[in-house]
Amino acid sequence: MRAAGLKRVVLTLGGIGLVFYVGMFLNRGYEPTDKELDSPRIIRIVSDMATNISNLFNILQAFEEKQKSMQKMLEEDRGRQRKAAEVEQPSIKKQPQQPEAQIQDQQKAPKEKKSNKLFPDSALFKTWGGNLSEDDQREAQGLYEMYGYNVFLSDRLPLDRALPDTRDKRCLKKSYPKDLPSLGVVLIYLNEALSVIKRALRSIIDRTPKNLLTEIILVDDNSSYDDLKGDLDAYVKMIEQQNPSLRFIRVRHSEQRGLAYARVSGWRAATADVVAILDAHIEVHELWAEPLLTQIKGDRTVVTSPVFDKVSFDDLKVDEYLPAAHAFDWALWCMYEGFSDDYYKLGDGSLPGKSPSVMGILVADRKYLGEIGVLDEGMKVYGGENVELGIRVWTCGGSIEVVPCSKIAHIERAHKPYMPDLSQAMRRNALRVAEIWMDEYKHNVALAWNVPFENHGIDIGDISERKKLRETLKCKPFKWYLENVYPKLDPLDNLLAYGGLKNLDADMCLDRGPVPGQTPIAYVCHYYAPQVTYYRSNGELYISSIKSHRYNDNQCLTDVGKKDTEPGLYNCKEAVQKGAMGIHWDFTQGKEMRNRETKRCLEIQNGKLLIQECSGQRWEIQHIIKPF
Ligand SMILES: [Mn+2]
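Computed from a predicted model, the values in this text were never measured in an experiment.

A. Just the overall build of the chain, in detail. Regarding its fold elements, the chain presents 19 helices and 24 strands. Counting over 628 residues, the chain shows a buried share of 45%. Of the contacts made within the chain by residues no fewer than 6 positions apart, 73% connect residues no fewer than 24 positions apart.

B. Structural view of the nonpolar core. In terms of nonpolar packing, the biggest core is built from 153 residues, with V185, V186, L187, V275, A276 and V445 touching the most fellow members. Per-domain counts for this core show at least three residues from each of domain 2 (108-154) and domain 3 (495-624).

C. Highlighting the environment of N131. Relative to the elements of secondary structure, N131 occurs in the loop between α4 (100-106) and α5 (134-147). Classification of N131 by C-beta neighbours within 10 Å gives partly exposed; the count is 13. Put simply, N131 and K117 are 14 residues apart on the chain and 9.2 Å apart in space, counted from C-alpha to C-alpha.

D. Local environment of unusual backbone geometry. In this structure, P516 follows V515 across a cis peptide bond, with omega equal to -5 degrees. In this fold, P516 is placed in the loop between β14 (508-511) and β15 (521-523). Look at L332: it is not a glycine, yet its phi comes out positive at around 70 degrees. Tracing the backbone through its elements, the reader meets L332 in the loop between β8 (325-328) and β9 (334-337). You can call L332 buried: it has 28 C-beta atoms within 10 Å. Its identity is not glycine, yet D507 carries a phi of approximately 55 degrees, on the positive side. Along the chain, the position of D507 falls in the loop between β13 (495-503) and β14. Overall, the presence of 11 C-beta atoms within 10 Å leaves D507 in the exposed class.

E. Summary view of the environment of R170. On the secondary structure map, R170 appears in helix α7 (residues 169-172). Exposure remark for R170: the 16 C-beta atoms within 10 Å place this residue in the partly exposed category. When the C-alpha positions of R170 and C405 are compared, they lie 8.5 Å apart, and in sequence the two are 235 residues distant. Other than its neighbours up to four places away in sequence, R170 contacts D348 and S350.

F. Structural detail: the packing of helix α14 (residues 385-395) against helix α15 (residues 423-437). In the contact formed by α14 and α15, the axes pass within 9 Å of each other and the chain directions differ by 15 degrees. Here α14 lies roughly parallel to α15, going by the angle between them. Crossing handedness for the pair α14 and α15: right-handed. Side by side, α14 and α15 meet where E385, V387, E388 and I391 of the first sit next to N429, V433 and W437 of the second. Of the residues contributing to the contact of α14 with α15, the split by class is four nonpolar, one polar and two charged.

G. Here's a closer look at the pairing of strand β3 (residues 247-252). Alignment of strand β2 (residues 213-220) against β3, held across six bridges, turns out to be parallel. Paired with L218 across the strands is R250, a residue of β3. For the segment spanning β2, helix α9 (residues 230-242) and β3, crossover handedness is right-handed.

H. Fine view of the packing of helix α8 (residues 194-207) against α9. Look at α8 against α9: their axes get within 11 Å of each other, and the N-to-C directions meet at 15 degrees. By the angle class used here, α8 and α9 are roughly parallel. Pair α8 / α9 crosses with right-handed handedness. Contacts between α8 and α9 involve L194, I197, K198, L201 and I205 on the former and, on the latter, D231, L232, Y235 and I239.

I. Seen up close, helix α11 (residues 289-298). Most of α11 is tucked away: seven of the ten residues are buried. Listed as buried for α11 are A289, E290, P291, L292, L293, T294 and I296. Its buried side turned inward, α11 meets β1 (183-189), β4 (274-279), β6 (302-311), β11 (362-365) and β12 (399-411).

About the cut-offs
- Residues numbered from 1 in each chain as written.
- Predicted model: local features only at pLDDT ≥ 70, side-chain atom pairs only at ≥ 80, totals over all residues.
- Helix = DSSP H or I, 4+ residues; strand = E, 2+ residues; numbered from the N terminus.
- Buried ≥ 20, exposed ≤ 12 C-beta atoms within 10 Å, placed from the backbone.
- Contact = placed C-beta atoms within 7 Å.
- Core = buried A, V, L, I, M, F, W, Y, C linked by C-beta atoms within 7 Å.
- Domains from an automatic or database assignment.
- Axes fitted to C-alpha atoms, helices over the stretch in contact; angles between N-to-C directions.
- Parallel < 35°, antiparallel > 145°, perpendicular 65-115°, else oblique.
- Left-handed = near helix turned anticlockwise from the far one by under 90°.
- Nonpolar A, V, L, I, M, F, W, Y, C, P; charged D, E, K, R; others polar.
- Pairing = 2+ DSSP bridges.
- Right-handed = clockwise from strand over helix to strand, strands pointing away.

Below is the structure:
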């Protein structure tokens, strides 16, 4: 699974939803874990709502801070994802392996000796490792660069370490049917640390009822690290002997096939009623399986996801994440988002919530998943396959649920092992999803990636089989999905034109201007991001980006209404609230750009962008989507 920007859960909760959500917090008596930096004020909120009205403000603030910090963490992760990974991975130097018992005794025992910080700029040592000797620092940094998380520490933590119980209190009171379907767990890995895989296995075996867990399938997407061969084999052999009723299956790819293909190959090897396709850098919480199996038992067409807590890549501590829907933007980057308003009206945060998509990890009826086409094996490397699953499940008759009582701790890596820059694969996969599933909305994906709508020249592979599947399953149109499942995604259907906006008389382009700053300028046309504009039928004109979601605000070209002014760039909704600002522009191709509110025009004089009395200057926008 991957985390991306947490999209303003607070904002999307809105109104009644927020009140109920806070109510949930009150009832729950939120207890911070010892690691929360952001919550000194929310220590033990008593559950009697009536006598604690005065606390409401504090709680709201604490809630907001918590959300903000979640959002920040996720946005940072998203930023990291988008950036290229730091270095090519060197081939592994073999780590000495120790028997499990010894590792457990060792605990974390950093050496006391004071030493210089050898890697002051490394994210690994930002808050962790202050007492390490120089040798240990070198080793820890080397391992961090190879894996993207703190393997030095992981090797020294108990494999069966306890996790903080971050579930909603109401989860503890729930009971689950005895005759649940059997479960097969698929773990996908590529150059994962041995101790991390061992800890995942340990937690799954210890925290899943023996009568339900029938098999564990390990899928190696052609790892090159040596200890994932002999040493992992030895460990698996050992736990196999300890658990004779449990089937272990190893799937090894002789070349790297990418996440989607790896997940499907794990599914293919499974035989249990339900299959859980997980990352290998996870630890499951107590009672993680039962809530998921219960939902699937009730409806075999529901595809479920647990809620992930965050394991920091540096200190491997577990931070609570609140349950949220798994959503995406038009580039198909995934993100967290609030559930629907109707969900929050129920006032019970332990209930499963409907979700437009999954982050990647999924638990589903094995046969049902096969009937609807598992995952698109035509996806390459990384990304997109989770959104494809979301759209396919919903439009072809199933549904997706995030189940709050099922929790998994998941390491958010600082960088991923697949390739240095994931965005190329991501773009290709996103365009593939668009072509197969998005009908008349497919150009929104091209728009988000800033490629031409037609003939973008990017090879998306053969899509005939997936198109056939869509037909065979008689799946609903994407419009239905937008209207019924994901109404928060802005269909952008009133977008008329986009691209560079050129003043034909001055032969210069509208440009976003210096960042930070809110003063657009006239500049030599180059048509890169700062000059890409978006013109909507309501007259709004955005510069440099357009937001995918209705709850987000765009940057509107604005006439602030003073005499002889420079134009401004303001959040559109804010500008409307402030009043006296003109954000609507009347424009036709090759004609003047006139503000609807002030009747003045956008013009260029002596190389300077101005708003003034109209003199008839002409503008031309690069790409027309609909004639206007
Ligand atoms: Mn992951």
